[in-house]
Each structure stands twice: as structure tokens, then as C-alpha cells.
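Next come the chains, spelled out residue by residue.
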Amino acid sequence: MNDFAWLKLIGIVIVVVGLALRLRTTLVVVAAGLATGLVAGMPPAGIVELLGRAFAENRFVTLFIVTLPAVGLAERYGLREQAAALIRRFAAATAGRLLIVYQLFRVLMGALGLRLNGHPAFVRPLVYPMSIGAAASTLGVSRFEDVPPAADEKIKAAVAGAENYGNFYGQNLSPVQAGVLLVYGVLQGLGLGVSIWRLVLFAVPVTALSVILGALQFRRLDGRLAGGRDE
Amino acid sequence: MSELARSLFSLEAVYALTGAVLWVFAGLTFADRGHPRRVGSGLFWSILGVIFAFGGVLPHLVTGLLVLAMVALDGAGQVGRGAAAGGVASRRLGDRIFLPVLVIPLVTFGFAAGVRLLGGDVSRGALVGLGVGGVAAMAAGLVITRGTARELMEEGRRLNEAMGAVNLLPQLLASLGVIFTAAKVGDLIAGGITRVIPGDSLFLLVLANCVGMALFTIVMGNSFAAFPVIATGVLAPLIIRPFGADPAMAAIITLTAGSSGTLMTPMAANFNIVPTALLGMRDQYGVIKFQLPFALTIWALHVVLMWLLIKFW
């Protein structure tokens, strides 16, 4: 290995610095690819050719575009409102229990391959108001405006957390979500072909752990709210 | 007949279909007079449509140049979303509105199961099933909502433009992984790590793999960007190949070790910082602080789980 081999890491430096500086991600990634190829001594046309081949071979990662018309149409005719009504039917007695249910709902959506923009679509308009309502009754106050600011802040953080836990660990249960397909594509590129179903299978233990850990944390939130009642 | 069925239900056919959908999106964008980035966006999605429809037959050099053209358009800020906000129709359909959306996973799974029964490639079956499911869902949506084809495609375009060029990031990152592999970047990283960690110490290598994945994700705010680097530099050369670990198991656990990092970083602003603003929190880092004990615990469990599964299974 010669002394300049380390220069090949330039691509990784470009990705890290570029994304950390919030430069346009597509530009950063392609610049990193071009720079890596050049430093490795590939001819420019060869790099572009390799990029083209890799991009064409990985088209399946972006295949979900074909599902957008149906999802968009359903949204126009009330998909989100109906999903909100569905969550409301599970109205739970305490904030923590509600968040356990919401995390499970989010895992289910991920497993079905559905992409939701959860924070603006569900967390803010629906799950937070429901949680604060449940917390008000736990705390024994009649109006949710009377929930102490510290408890309110805690509940807000927990609602956002439930969304993230459910989203991040639930989506790998679907064979057609971006994360699983990215892993499938990268492994293929490395000559380690696997079945996407096997990837889904091995996502199950971590998803189960995420549900258990989330439930423990949300139950503790309930405990704290109930404990704070007499203070 | 079976030859016709085979080409009709092939991955290339589904790619061609996706290309056609993208051209319709692009056509609607070109026709949208109020669109602030009408020409740039229209071109961007048309080019992607060409790559989807013809990527299997175009010379790779041409495809590569088309990718560069798309990235240039996006880099110049010429790709954006239309002004038209998604209105909501007044007709209410109750729970029936879930049907078109549920058709997608049902057909995907059903198709894959059918392919399995026929002894085909189940991965390919799921992908083709996704395409068939997308079409079936469009049909189901039109029947159930009694909406128009124009509404259908306009709504699809709205969702597509709302996500924008970021849609392509996973595909670009998978391509970056291919370039890293060709440039032997992975060997370089692997060589560096084995100078510090003995190559026969499975636990330390698993630890390095998961630390690396989480750290890269924390810095970049994106586990998808970290994965190709760690997979080519650590996971494949130092863990999967020498220890004969199941690639699917080791890879998906590595990916979610990165998700633990996503929960800890303000760089993943959409997930961790934007919600504090949406919810009107006083502490900008309140969500991250709440997630921290969860993230550290589940990360540590990743290390243990991967080590146990390789060692004893």
C-alpha cells in the first residue's frame, strides 16, 4: 500500500463534512463518488460509467414512486383524518399507555410499507393533545392548561420519541422500505447477495426490543406524572 | 403465453411503469404555470423517468451523465415543489379509504408468496409485487373515491415533489457504495482497523462496527449515508467474511445500530429538532434528552445481540 492510499478516504471526508454543513445532499454524495474514483486513479469516463451502472442497478430502491398516486389520492379523500379517528378509538387512560399504543401503530404502518410524515401529520395535531388530556386527568387537574410546564415539556418530548422509535425500528419490517432496500443493494454490490425477506426476518429482534424499551420508558413517564400529583 | 407473462411481470416492466408515472408527474409540472421551478423540476423528473424506463438498455455512460445532469439541476436549486397545496375533498368514505393503501402491501406480499410457490426469486417477487400493487392501488383508489385520473396523478405529483430530490438519496448512496468498493476504500479502512484491533477478536470488531456506525450517523445525521461506508470498510471485510456471519443478520443489525445514533443527534433535525418547534418546547434538545437513555440502551443491546448471534448461532 503506498503512502497516498489514504487519500481515497477523501470521499468519506466529503460526505461527512458536506452533510454536517447541510450542503445539498445529492451534490455531496455524487461529489464524494467522483472524488474517490479520481483519487483511486480511475479515468473520469470510467467513473461516470460506474455511477450510471450502479444507479441503474439500484433502481429498485426508489421503486416506491409508483405507489405515490394511490397514497396521494387516498390522502385527498381523508386518509389522514380517518387514521386519526382510528387512533382516537384507542384512547387510553394515561399518557404513557397512549404512547405505547401509538408506537405500536407506527410500527404497524412501517411494516405495511406506508411512509407517514408523522411529526406534522399525527404527533402535533393528534397524539400530543390526546396525551396532554390523559395527563391532565392523571394529575387531577380539570383543564389541560393547568398541567404544570415541566410535565408538559416531558410529555411533548415523549410524544416525539414515540414517533421516532416506531418509525425508525418499524420500517425495517417491510421488504420495500428504503432502509432494507439500501442494505440489500449495498450487500449485492459487495458480492454478498441476500434475500430481502431474510433482512426483514432479522429486523424483528431489534424492533421487539425497541417496543419493550419504549414501553418501559412510557410507563415510567406515567409513574412520574402520578407521583407528581401530590407534590 | 408464459413468456409474455414473464416479461409483463418482470422487474424491467415495473421500472418502465415507474418511468411512465414519472413522465406524467413531469408533464403535470411543465403544465403548472404557477410552479416556481417549473422547467428545472419538470426536467429533473423527466430524466429520472428516462433512467427508470431505459436504464436496462442505455449505455451506462449515458445513464451516468443523466445522473450528473439531475444532480446539477438539484445543486443549482432548480428542483422544487408546486405551489398548489393538496386540498381535501369533501366526500367522506369512512374506513373504506384504507382499502387502496392496504392493497399495496397485500399485493406485494401476495405476489412474493406466489413467486415463492413457483420457485422464483422472492426478493424480485416482492419488488415486482410492489409495482403491481401500486397499479392495483391506483385502480382501487379510483373505484372507491370515484376521483378522476387527473386527481390521482396530481396527488401523486404533490407527494413526490414534497419529498423532492431527497427521494433519490438512498439510491445515490447505494451507488456510492459501489464506487467505494471499486476504489477499494473498504480495504483501506479495514486495514486501518486491524492495526488497532486484532482480526480474531470478534467482540471488539463488532464493537468497532457498531461504534463506527453510530458515530458516522451522529455526525452526518443520516444512518443511510453511514451504512455503505461501514459495510464496505468494516462489516463485510472484518466480520461477515472472516467469521462466516450471516450477511443479512449482521447488515440489518448494523443499520439499526445507526438508528440509535439518529436518536441522539441534532443533525437529524427533521426527527429531533423540528418537533421541538412544532410542539413549542422550551428546550431545543428536549427530544434528544428524552431519547438518550433509550438510544444508549438499545445501541448496547445491538452489540450484544450481534456478537451472540455470530458466536453461538
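Residues numbered from 1 in each chain as written. Chains lettered and ligands numbered in written order. Predicted model: local features only at pLDDT ≥ 70, side-chain atom pairs only at ≥ 80, totals over all residues.

Description of the overall build of chain B
Part 1 of the argument: Helix and strand content of chain B: 15 helices and zero strands.
Part 2 of the argument: For chain B, the spread of C-alpha atoms along the principal axes amounts to about 60 × 60 × 45 Å.
Part 3 of the argument: Out of the 313 residues in chain B, the part that is buried amounts to 52%. (Helix = DSSP H or I, 4+ residues; strand = E, 2+ residues; numbered from the N terminus. Buried ≥ 20, exposed ≤ 12 C-beta atoms within 10 Å, placed from the backbone.)

Some remarks on the nonpolar core
In globular proteins that are soluble, nonpolar side chains generally tend to be buried together.
Part 1 of the argument: Counting residues in hydrophobic clusters, the biggest one holds 177 residues, and the most contacted among them are Val15, Leu182, Val183 and Leu199 of chain A together with Ala251 and Ile252 of chain B.
Part 2 of the argument: Tallying contributions element by element places helix H11 (residues 223–243) of chain B first for this core, with 13 residues.
Part 3 of the argument: Apart from the residues lying within four places of it in its own chain, the contact partners of Val183 of chain A are Leu199 of chain A together with Phe227, Ala251, Ile252 and Leu255 of chain B. (Core = buried A, V, L, I, M, F, W, Y, C linked by C-beta atoms within 7 Å. Contact = placed C-beta atoms within 7 Å.)

Thoughts on the domain arrangement of chain B
Part 1 of the argument: Taken as a whole, chain B is organised into domain 1 (2–165) and domain 2 (184–312).
Part 2 of the argument: With centres defined by C-alpha atoms, the gap from domain 1 of chain B to domain 2 of chain B works out at 32 Å. (Domains from an automatic or database assignment.)

Description of helix H2 (residues 25–39) of chain A
Part 1 of the argument: With 15 residues, H2 of chain A ought to run about 21 Å at 1.5 Å a step, and its terminal C-alpha atoms sit 21 Å apart, in line with that.
Part 2 of the argument: Turning to H2 of chain A, its buried residues are Thr25, Thr26, Val28, Val29, Val30, Ala32, Gly33, Ala35, Thr36 and Gly37 of chain A.
Part 3 of the argument: At its buried positions, H2 of chain A is contacted by helix H1 (10–20) and helix H3 (44–57) of chain A together with helix H4 (60–75), helix H8 (169–182) and helix H9 (185–196) of chain B. (Expected span 1.5 Å × (residues − 1).)

Some details on the domain arrangement of chain A
Part 1 of the argument: Assigned domains of chain A: these are domain 1 (5–57) and domain 2 (66–230).
Part 2 of the argument: Placing the centre of domain 1 of chain A and that of domain 2 of chain A at their C-alpha centroids yields a distance of 35 Å.

Let's talk about H1 of chain A
Part 1 of the argument: Residues Gly11, Ile12, Ile14, Val15, Val16 and Leu19 of chain A constitute the buried set of H1 of chain A.
Part 2 of the argument: Buried residues along H1 of chain A sit against H2 of chain A together with H8, H9, helix H10 (202–220) and H11 of chain B.
Part 3 of the argument: Note on H1 of chain A: the residue one or two positions beyond its end, Arg22 of chain A, has a positive phi of about 60°.

Some points on the packing of H1 of chain A against H2 of chain A
Residues and elements named next belong to chain A.
Part 1 of the argument: At a minimum axis distance of 8 Å, the contact between H1 and H2 shows a crossing angle of 165°. Accordingly, the angle class assigned to the pair H1 and H2 is roughly antiparallel. The two elements H1 and H2 meet at a crossing, and its hand is right-handed. When H1 is examined against H2, the residues Ile10, Gly11, Ile14, Val15, Gly18 and Leu19 are found in contact with a partner set consisting of Thr25, Val28, Val29, Ala31, Ala32, Gly33, Ala35, Thr36 and Val39.
Part 2 of the argument: In terms of residue class, the contact of H1 with H2 is built from ten nonpolar, five polar and no charged. (Axes fitted to C-alpha atoms, helices over the stretch in contact; angles between N-to-C directions. Parallel < 35°, antiparallel > 145°, perpendicular 65-115°, else oblique. Left-handed = near helix turned anticlockwise from the far one by under 90°. Nonpolar A, V, L, I, M, F, W, Y, C, P; charged D, E, K, R; others polar.)

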